[in-house]
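For reference, the chains in residue letters:
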Amino acid sequence: MLDNYTIADNFSLISKLMDIQGDNSFKAKSFASAAFTVEKLPMQLQVTPPEEIAKIKGIGDSISKAIQEMLQTGKFAALETYLLKTPPGILEMMKIKGLGPKKIATIWKELEVESLGELLYACNENRLTLLKGFGQKTQDAVKQSIEFYFSNQGRYLYAQAEALALSLEKEFSQLLAPSAVSLTGQFRRNENIIDEIEFVAALPTPSIQEKLSILPALTAVTSSEEALVWQHEQHIKIKVYPATTEDFNKTLFTTTASASFLEHFKASLDLNSIPANATEEAIFTQAGMDYIEPCLRNGGLAIDLAKKKQLPVLITHKDIKGIIHSHSTWSDGEHTLQQMATTAKEQGFEYLVISDHSRSAFYANGLSIERIQAQHAEIDELNKQLAPFRIFKSVEADILNDGSLDYPDEILASFDLVIASVHSNLKMSEEKAMARLLKAIENPYTTILGHMTGRLLLSRNGYPVNHQEIIDACATHNVVIEINAHPRRLDIDWEWIPYALEKNVLLSIDPDAHSTDGFHDIYYGTLAARKGGLTAAHNLSSFTAAELETFISKKKK
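Not measured: the values here are computed from a predicted model.

A. Highlighting helix α7 (residues 101–111). Within the span of α7, buried status applies to I104, A105, T106, I107, W108 and L111. Immediately beyond the C-terminal end of α7, within one or two residues, lies E112, with a positive phi of roughly 55 degrees.

B. How the structure looks around the nonpolar core. The biggest cluster of nonpolar side chains holds 61 residues, and the ones touching the most others in it are L352, I391, L449 and I470. Among the elements that take part in this core, helix α20 (residues 430–442) stands out by supplying 6 residues, more than any other. With near-sequence residues (within four places) excluded, L449 lies in contact with I399, A420, L437, I441, I470, C474, V479, V480, I481 and E482. Of all hydrophobic cores here, the second largest spans 50 residues; its members include I59, A66, L99 and L131.

C. Molecular detail of the sheet that holds strand β2 (residues 181–184). With mixed pairing, the 5 strands of this open sheet are ordered in space as β2-β4-β7-β6-β5. Since the sheet does not close on itself, it has two edges, and those belong to β2 and β5 (218–223), each with one partner. Here the average twist between neighbouring strands, direction ignored, is 25 degrees. Here strand β6 (residues 228–232) runs beside strand β7 (residues 237–242); their pairing, made up of 4 bridges, is antiparallel. Note on β7: the bridge partner recorded for V229 is K239. Packed onto the sheet, helix α13 (residues 248–256) meets β2, β4 (196–201) and β7 and runs at close to 15 degrees relative to β2.

D. Quick look at the packing of helix α10 (residues 158–175) against helix α23 (residues 522–531). The N-to-C vectors of α10 and α23 enclose an angle of 100 degrees; their axes lie 11 Å apart at closest approach. In terms of their interaxial angle, α10 and α23 are classed as roughly perpendicular. Contact residues: Y158, A159 and E162 in α10; Y523, Y524 and L527 in α23. Residue composition of the contact of α10 with α23, grouped by class: 5 nonpolar, no polar and 1 charged.

E. Structural detail: the domain arrangement of the protein. The domains assigned to the protein are domain 1 (1–86), domain 2 (99–153), domain 3 (154–255), domain 4 (257–311) and domain 5 (317–556). Here domain 1 and domain 5 have C-alpha centroids that lie 50 Å from each other.

F. Highlighting the pairing of β5. The pairing of β5 with β6 spans 5 bridges and is antiparallel. Looking at β6, one finds that T219 is bridged to Q231. Hairpin connection, β5 to β6: the antiparallel pair is bridged by 4 residues.

G. Molecular detail of empty space enclosed by the protein. Within the structure shown, the criterion is met by 1 cavity of 30 Å³ or more. Its volume calculated, the largest cavity comes out at about 70 Å³. Looking at the largest cavity, the residues that line it are L157, Y158, A159, N190, E191, N192, P487, L490, Y524, L527 and A528. Going through the elements one at a time, α10 and α23 are the ones with two or more residues in the lining of the largest cavity. Within the lining of the largest cavity, the residues separate by chemical class into 8 nonpolar, 2 polar and 1 charged. Shared between two domains, the lining of the largest cavity holds at least three residues of each, these being domain 3 (154–255) and domain 5 (317–556).

H. Seen up close, the layout of surface pockets. Its boundaries defined by the atoms lining it, the largest pocket holds a volume of some 890 Å³. Elements with a minimum of two residues in the lining of the largest pocket: α8 (116–124), α9 (136–150), β1 (156–157) and α10. A total of 7 residues in the lining of the largest pocket trace back to one element, the largest contributor, which is α9. Split by residue class, the lining of the largest pocket holds 13 nonpolar, 14 polar and 11 charged. Taken as a whole, the second largest pocket spans an internal volume of roughly 550 Å³. Every residue lining the second largest pocket is counted, 28 residues in all, and those nearest its centre are E112, E118, H423, L426 and R460. Element by element, the count of residues in the lining of the second largest pocket is highest for α8, at 3 residues. Each residue belonging to the lining of the second largest pocket can be placed in one class, and the counts come to 11 nonpolar, 9 polar and 8 charged. Taken domain by domain, the lining of the second largest pocket gets at least three of its residues from each of domain 2 (99–153) and domain 5 (317–556).

I. A look at the pattern of salt bridges. Summed over all chains, the structure comprises 19 salt bridges. Residues D195 and R155 are paired through a salt bridge, measuring 2.4 Å at the closest nitrogen-oxygen approach. With a gap of 40 residues between them, D195 in the loop between β3 (193–194) and β4 and R155 in the loop between α9 and β1 connect regions that are remote in the sequence. When its relative accessible area of 30% is taken as the criterion, D195 is described as partly exposed.

J. Expanded view of the sheet that holds strand β8 (residues 322–326). With parallel pairing, the 7 strands of this open sheet are ordered in space as β8-β9-β10-β11-β12-β13-β14. On the outer flanks of this sheet lie β8 and β14 (507–510), each paired with one strand and no other. Two strands pair when backbone bridges link them, and strand β9 (residues 351–357) and strand β10 (residues 390–398) are joined in this way by 7 bridges, in the parallel orientation. From the neighbouring strand, H357 faces β10, where its bridge partner is E396.

Definitions and cut-offs
- Residues numbered from 1 in each chain as written.
- Predicted model: local features only at pLDDT ≥ 70, side-chain atom pairs only at ≥ 80, totals over all residues.
- Heavy atoms only, no water.
- Buried < 20%, exposed > 50% of the residue type's maximum accessible area, 1.4 Å probe, protein only.
- Helix = DSSP H or I, 4+ residues; strand = E, 2+ residues; numbered from the N terminus.
- Core = buried A, V, L, I, M, F, W, Y, C linked by side-chain atoms within 4.5 Å.
- Contact = heavy atoms within 4.5 Å.
- Pairing = 2+ DSSP bridges.
- Axes fitted to C-alpha atoms, helices over the stretch in contact; angles between N-to-C directions.
- Parallel < 35°, antiparallel > 145°, perpendicular 65-115°, else oblique.
- Nonpolar A, V, L, I, M, F, W, Y, C, P; charged D, E, K, R; others polar.
- Domains from an automatic or database assignment.
- 1 Å grid on protein atoms, 1.4 Å probe; cavity = no way out; pocket = protein on both sides within 12 Å on 5 of 7 lines; lining within 4 Å.
- Points joined across faces, edges and corners; volume = space filled by probe spheres on them.
- Salt bridge = Lys/Arg side-chain N within 4 Å of Asp/Glu carboxyl O.

Structure (C-alpha cells):
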C-alpha cells in the first residue's frame, strides 16, 4: 500500500512532466494542487474509506479515482505514460537546482538537449544565455549544480580526475617518502574515462595502510596483499598496489598495461623472468622491442611496431602551431574575435581558424549571410593589425538532414576552410547517419569533418556510424577528420586513428574553443591522439601558417 507521501510525489511528478511536455496546463495545476493537499492530510489515505476520499477538500472525482488506482494497484497509468515518452535525461534534469519544468521544456525543445551531460556542454558553449528567460547567473548556477551532481557519480573524464590524481601523487610521495610512488593504470595510460585513480608504492600493505590512514579525505574500502582501496571524498576510488623496492618497476609495468596489452606481451616475454630492479626500458629490451609509451599500452598493435622498431614519434601539445575550430561572440562564444586572436597570438600560436556556427544553429546565434560579410571585414582589419599572426576565415557549417551544408556554394567558397558538423536531429539510424555524413564529405567545400559521431562522454552515445566507410570516404575526397579536443568529446575516438593513418587521412586536433580558456583543451586532444599513434606530420593543426595556406590553396584547386 502506498503512503500519502508517495501518492503526493506521483501527483507532483506528473504535474511537472505535463508542464515539460506542454500538455493541458489546467490538469497539470490540478495534479500539483492534489499533491499539496495529499501531503498535508492528517490521516493516511490507505486507511480512509474510498467514499470519504472524494469528499476531502481539494480532491474531486478524477483525483479520487487516481488515488484509488494507486492504492489498489500500486501503479498510476497516466504517470507511466508520461514517463515512457520523457527521455531519462529530462528526468535527471529535474534533480538540478534552479531548473523548473518551464526552463527544462525550453532547454529540451529549443536546444534539443536531452541529458545532463549535453546540458553541461551547452553551458560551456554559452548556449543557455541565448534562451529567453535565462541569463549568465542562471547559466552559472545550472553549470555548478550539474558539476556537483556529476561529482557524486564515481566516473570521471580524464580532465576531471587530473588535478586530484596529480595532487594525490604529490601527497602520497611525501607521506611514503623515501619509498617510490607513481601513478599507474588508467590515468597513466591517459584513458578518456577514469574509474579509479591507481598508484604503485614501494612499501608493504601494512605500512601503506598505516601511513595513509591519517588522510581524512580517504575512507578505507578493502585491503589485501595485492591492493588497497579507498573511497575519496570526491567519490572516486583510490587504489594502491604495494611493491618491494626490487620489483617496483615490474609492478608499475604490469599495472600500467591493459589486460589485452599484457596478454600480447607475454607471448614475447615470461614476466617471471624479469630480473630484480629492472627498469621499464630494460623490460622492453629484454622482450626484444623498443620502449612503448604508457599511453600506447592498450592492445597488441604497439607491440608489433615495437618489435619491428617502427614505433612513431608521438605528437605532443607543443607541436600544435595554431588553433583550428573556435567560436567568438559572433555566435555562441564568450570572447570577441579580437580577444580570441590576441590571446592565441600571446600564447605563441601562429594562427586562429575562427569557425562560428552557421545560420541553422539559431540556438547558437548562427551567422546569417549578411553577418558573414561583416565578420570577414573584421577579420581583414585584424589581420592587418596582428600580422604576421593570421586569422583564417572558417565556419562550422551544420550538416542538414539531407546531408547538404548550411549555405549555398558561393557563400561556402568565401571561406578558407569549412568544418562540417552535425548538431541537430542526432537520433539517427546508422543508415540515416551514414547517408548524411557521406554526402557532406563528398561536398567539395568540406575541409574538415567535425566531431564525427556527436558523442558526449559519460553523457550521450554518438549516433551509430561505420567508421571505416567514413574514413575511406575522407581519403577519397581529401577531407580532414577532426579529433575534437574538448574533454567531453574526444571524437573521433583514438581507437580509429591507426586506420585513418593507414588510409593516409589527415587528422586535426581542434579545441572547439568557445572562450580563450578553451585553447587549453588541445592538451587533452593531444593525449587522446597519442593513444592512437598520431604524429605531428599527420595533424593539420601542427602545420605552420604558411603550410596551412598551401594546404588550403591545393584543396580549393
